[in-house]
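# An overview of the molecular structure
Take a look at the letters that make up each chain.
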Amino acid sequence: MLDTAKRELQEETGAIEFEIQPISVYSVTGKNRVNSNGNETFGMLFYAEIHSFKDMLEDEIEKIEFFSDLPSNLTYPEIQPYLYNKVVGIKGKK
């Protein structure tokens, strides 16, 4: 699972030097943009500190943007703010 998360982070962001750690398992129930049948689906939340990116963006990456607030166009708008706050709470305690 950790190897898959590392590979996805590299593919989706172009990260080459990073530290990544699992935070928690989560589930989503109901129909949404990526789940048309509404069944419960599970995911794993990871936190990564990225130290460097590739010089050139690849096929899956259009652009890299940094936000001070959560973007409004989220895949799972009911749960992603909760997951974000969970990570902020955990990282803020250290």
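As a reminder, the structure under discussion sits directly above these lines.
Residues numbered from 1 in each chain as written. Predicted model: local features only at pLDDT ≥ 70, side-chain atom pairs only at ≥ 80, totals over all residues. Heavy atoms only, no water.

### Topic: the pattern of salt bridges
Note on pairing: side chains with opposite charge can pair once their charged atoms come close. Using the following cut-off: Counted as salt bridges are all cases of a side-chain nitrogen of Lys or Arg within 4 Å of a carboxyl oxygen of Asp or Glu. Numbered from the N terminus, helices here are DSSP runs of H or I no shorter than four residues, and strands are runs of E no shorter than two. For each residue, the accessible area found with a 1.4 Å probe, counting protein chains only, is set against the maximum for its type, and the residue is called buried under 20%, exposed over 50%, and partly exposed in between.
Evaluated as defined, the whole model comprises one salt bridge. A salt bridge links R7 to E11; the nearest nitrogen and oxygen atoms lie 3.7 Å apart. Taken together, the positions of R7 and E11, both in helix α1 (residues 2–13) and four residues apart, correspond to about one turn of that helix. Exposure remark for R7: the relative accessible area of 41% places this residue in the partly exposed category.

### Some points on the layout of surface pockets
This is how the line gets drawn: Lining residues are defined by having an atom within 4 Å of a point belonging to a cavity or pocket. Those points lie on a 1 Å grid over the protein atoms alone, cavities being sets where a 1.4 Å probe fits but cannot get out and pockets being open sets with protein on both sides within 12 Å along at least five of seven lines. Grid points are joined across faces, edges and corners, and a volume is the space filled by probe spheres set on the points. Residues are grouped as follows: Ala, Val, Leu, Ile, Met, Phe, Trp, Tyr, Cys and Pro are nonpolar; Asp, Glu, Lys and Arg are charged; every other residue, Gly included, is polar.
Here the largest pocket defines a volume of roughly 1800 Å³. Taken together, 36 residues line the largest pocket, and the ones lying closest to its centre are L9, T13, F46, L70 and Q80. Of all the elements in the fold, those that place two or more residues in the lining of the largest pocket are α1, β1 (15–28), β2 (41–53) and α2 (80–92). Here the residues of the lining of the largest pocket are counted per class, giving 23 nonpolar, five polar and eight charged.

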